[in-house]
Amino acid sequence: FALHSTTSLSIRSVVRRTEHANNHIMSNSNNANNDLVAQVKGDAGVTTDDQTNAAERRAKGEFVRGVSAARNWIGEDDAYPPAKDRYHLYVGYNCPWCHRVLIGRAILGLEDVITVDVCFPNRSSADEPRGANLWKFCPEGQIGSNGSFATFPECTLDTVNGKSYVKEIYEMAGFDDEKSVPLLFDKETKTVVSNESSEILRMMGKAMMPFAQHKDIDLYPQHLAADIDRMNDWIYKDIANGSYKAGFSSSQESYEGAYQTFFSTLQKLDQEVLSNSHFLVGDSVTEADIRLFPALFRFDPIYYSRFKLNQSFLWEYPNIWKWMSRMMALKGMDPVSNASYLQHCKQGYFGRTGSGTVPVGPLGYPECYKDPQPPFQKKR
């Protein structure tokens, strides 16, 4: 999984560091350019995973997500101008941070504008040339630790750079310590634009909109920007990253804290937010909905058992379930929310831990998300 987040450092310092690595220096004296970046960026570049005493907290068993290093922005006057067929995404379908970017690309209709390569859901093993735990390109499939052969038709080779591992793409572009996805790559300059999913999503919904097929969708309307920012921060801390804090923390105290926060937030979403509106911020889909969907798509079939978030199922929250059906009905959603997509997720979460055994069930997912009334609903 892409163990990265937005950064706790100032935006200006991160941009300087990223530009040095990419050898692209944007002029800080260009006020118009700075204003454009600020307008597009909003709060997407501010971390909600506190980095204070991160090493000490990790040593005590808390999961603390790291910091994304590549933080450039596509903008009219930047080193990375909006353009069709210039930018390329490297993703893994099982990664929830990639999922939000792929949903944005799909519902905005940017499939013919931004090209994509898809990694195999399992990482590299210790006996491979570059070592263990790397995202890799393996369309031919492989035998897993459970002894079963797995292959996925959506997986590709690296069609742009011909590399075997995502880490090699970073190294080619001057990043020695990065290995996460999503990775937004500039095919013209052969540099990494960004590996921060929230900012890539914001770029798609702003800078790349002139090329979008579905121009009627505004993922970040200015009059709702403050509400979306607040929702994004809350969802990230308690749900999107909060689920990982429960699943990856090695101390009982950290796990139980994340567990309680996760379910209290689900309750609040169901009873206070989605009881009064079709989507998280009003009656149209926004960036906030896209950032919530990947975690809830995975919740019943994966997180319930894999992350030990087993207090209740998603179908026990009627307003969230109706929201899921609205999300599934959005134009362009099927390729990024169908049964094959979920199988990538199950392979990635279960196929690389313990015995590597991948569960067959639960039956009916994700098709059941399309029904506003879950077929197996029970009284709460």
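Above this text you will find the structure in question.
Now for a look at the structure at hand. Predicted, not measured: the structure shown is a model, and the values here were computed from it.

**Topic: the overall build of the protein**
So, step 1. Within the protein, the regular secondary structure consists of twelve helices and six strands.
So, step 2. Put simply, of all contacts in the protein between residues at least 6 apart along the chain, 73% involve residues at least 24 apart.
So, step 3. For the protein, the accessible area works out to roughly 15,200 Å², and carbon and sulfur atoms hold 50% of it.

**Quick notes on unusual backbone geometry**
A negative phi angle characterises most non-glycine residues, just as the trans form characterises most peptide bonds.
So, step 1. A cis amide bond links Gly 361 to the next residue, Pro 362, at an omega of 0°.
So, step 2. On the secondary structure map, Pro 362 appears in the segment after α12 (339-350).
So, step 3. Residue Tyr 365 is joined to Pro 366 through a cis peptide bond whose omega torsion reads 0°.
So, step 4. Here Pro 366 lies in the segment after α12.

**Focus: the pattern of salt bridges**
So, step 1. Under the definition given, this model contains 16 salt bridges.
So, step 2. Between Lys 60 and Glu 56 there is a salt bridge, and its shortest N-O distance comes to 3.3 Å.
So, step 3. With relative accessibility at 61%, the residue Lys 60 sits in the exposed group.
So, step 4. Here Glu 56 falls in the partly exposed class, since its relative accessible area comes to 43%.
So, step 5. For Lys 245, the salt bridge goes to Glu 62, with nearest N and O atoms at 3.3 Å. Of this pair, Lys 245 sits in helix α8 (residues 242-248) while Glu 62 sits in the loop between α3 (54-59) and β1 (87-91), placing them 183 residues apart in sequence.
So, step 6. For Glu 62, a relative accessible area of 23% puts it in the partly exposed group.

**Thoughts on helix α11 (residues 318-328)**
So, step 1. Most of α11 sits inside the fold, with eight of its eleven residues counted as buried.
So, step 2. Looking at α11, one finds that the buried residues are Asn 319, Ile 320, Trp 321, Trp 323, Met 324, Ser 325, Met 327 and Met 328.

**Overview of the sheet that holds strand β6 (residues 191-194)**
So, step 1. Strand order in the open sheet formed by four strands is β2-β1-β5-β6, with mixed pairing between adjacent strands. Only two strands of the sheet have a single neighbouring strand rather than two, namely β2 (115-118) and β6. Averaged over neighbouring strand pairs, the angle between their axes works out to 35° when direction is ignored.
So, step 2. Two strands pair when backbone bridges link them, and β1 and β2 are joined in this way by four bridges, in the parallel orientation. In the sheet register, Tyr 90 faces β2, and the bridge partner there is Asp 117.
So, step 3. Contacts between helix α4 (residues 96-108) and the sheet are confined to β1 and β2, with β1 contributing the most and set at about 140° to the helix.
So, step 4. The strands that helix α6 (residues 197-205) touches are β1, β5 (183-186) and β6; relative to β6, the one it contacts most, it runs at about 85°.

**Structural notes on the pairing of β1**
So, step 1. Within β1, five of the five residues are buried, leaving the element largely enclosed by the surrounding structure.
So, step 2. Covered by surrounding structure in β1 are Tyr 87, Leu 89 and Val 91 together with His 88 and Tyr 90, the residues of both alternating faces.
So, step 3. With four bridges joining them, β1 and β5 adopt antiparallel strand pairing. Within β5, the residue paired with Leu 89 across the bridge is Leu 184.

**A short note on empty space enclosed by the protein**
So, step 1. Taken as a whole, this structure holds one cavity of 30 Å³ or more when the rule is applied.
So, step 2. Reported here for the largest cavity is a volume of approximately 50 Å³.
So, step 3. Lining the largest cavity are Pro 96, Trp 97, Arg 100, Ala 240, Arg 291, Pro 294 and Ala 295.
So, step 4. Going through the elements one at a time, α4 and α10 (287-306) are the ones with two or more residues in the lining of the largest cavity.
So, step 5. By residue class, the composition of the lining of the largest cavity is five nonpolar, no polar and two charged.

**Structural notes on the environment of Ala 79**
So, step 1. When you line up the elements, Ala 79 lands in the loop between α3 and β1.
So, step 2. Distance in space between the C-alpha atoms of Ala 79 and Val 193 is 9.7 Å, their sequence separation being 114 residues.

**Notes on the nonpolar core**
So, step 1. Ranked by size, the top nonpolar core spans 110 residues in total, and within it Leu 280 and Trp 323 carry the most contacts.
So, step 2. Examining the composition of this core, we find that ten residues originate from one element, α10, more than from any other.
So, step 3. Residue contacts for Trp 323: discarding those within four places in its chain leaves Leu 274, His 278, Phe 279, Leu 280, Asp 289, Leu 292, Phe 293 and Leu 296.

**Some points on α10**
So, step 1. Counted at 1.5 Å a residue, the expected span for α10 with its 20 residues is 28 Å, and the 27 Å between its end C-alpha atoms agrees.
So, step 2. Taken as a whole, α10 carries its principal kink of about 85° at Phe 299; the proline Pro 301 stands between one and four residues after it.
So, step 3. Counting buried residues in α10 gives 18 out of 20 residues, a clear majority hidden from the surface.
So, step 4. Phi turns positive, to about 60°, at Lys 308, one or two residues after α10.

**Regarding the packing of aromatic side chains**
So, step 1. Taken as a whole, this structure holds 29 aromatic pairs when the rule is applied.
So, step 2. Here the aromatic rings of Tyr 303 and Phe 307 are separated by 4.5 Å at their centres, their planes lie at 25°, and the arrangement is stacked. Across the pair, Phe 307 and Tyr 303 agree in class, each one buried.
So, step 3. The lysine or arginine in question, Arg 202, covers the ring of Tyr 220, its NZ or CZ lying 3.5 Å from the ring centre.

**Examining the environment of Lys 206**
So, step 1. Counting through the fold element by element, Lys 206 comes out in the loop between α6 and α7 (225-240).
So, step 2. For the pair Lys 206 and Pro 82, spaced 124 residues apart in sequence, the C-alpha separation works out to 9.8 Å.
So, step 3. A polar contact is formed between the side chain of Lys 206 and the backbone oxygen of Tyr 220, at a distance of 3.0 Å.

Definitions and cut-offs
Residues numbered from 1 in each chain as written. Predicted model: local features only at pLDDT ≥ 70, side-chain atom pairs only at ≥ 80, totals over all residues. Heavy atoms only, no water. Helix = DSSP H or I, 4+ residues; strand = E, 2+ residues; numbered from the N terminus. Contact = heavy atoms within 4.5 Å. Areas by Shrake-Rupley, 256 points an atom, 1.4 Å probe, with all protein chains shown as cover. Salt bridge = Lys/Arg side-chain N within 4 Å of Asp/Glu carboxyl O. Buried < 20%, exposed > 50% of the residue type's maximum accessible area, 1.4 Å probe, protein only. Pairing = 2+ DSSP bridges. Axes fitted to C-alpha atoms, helices over the stretch in contact; angles between N-to-C directions. 1 Å grid on protein atoms, 1.4 Å probe; cavity = no way out; pocket = protein on both sides within 12 Å on 5 of 7 lines; lining within 4 Å. Points joined across faces, edges and corners; volume = space filled by probe spheres on them. Nonpolar A, V, L, I, M, F, W, Y, C, P; charged D, E, K, R; others polar. Core = buried A, V, L, I, M, F, W, Y, C linked by side-chain atoms within 4.5 Å. Expected span 1.5 Å × (residues − 1). Bend = angle between axes of the 7 residues up to and from the residue. Phe/Tyr/Trp six-rings, centres within 6.5 Å; stacked < 30°, edge-to-face > 60°. Lys NZ or Arg CZ within 6 Å of the ring centre and 35° of its normal. Polar contact = N/O pair within 3.5 Å; in protein donor to acceptor, adjacent residues only side chain to side chain.

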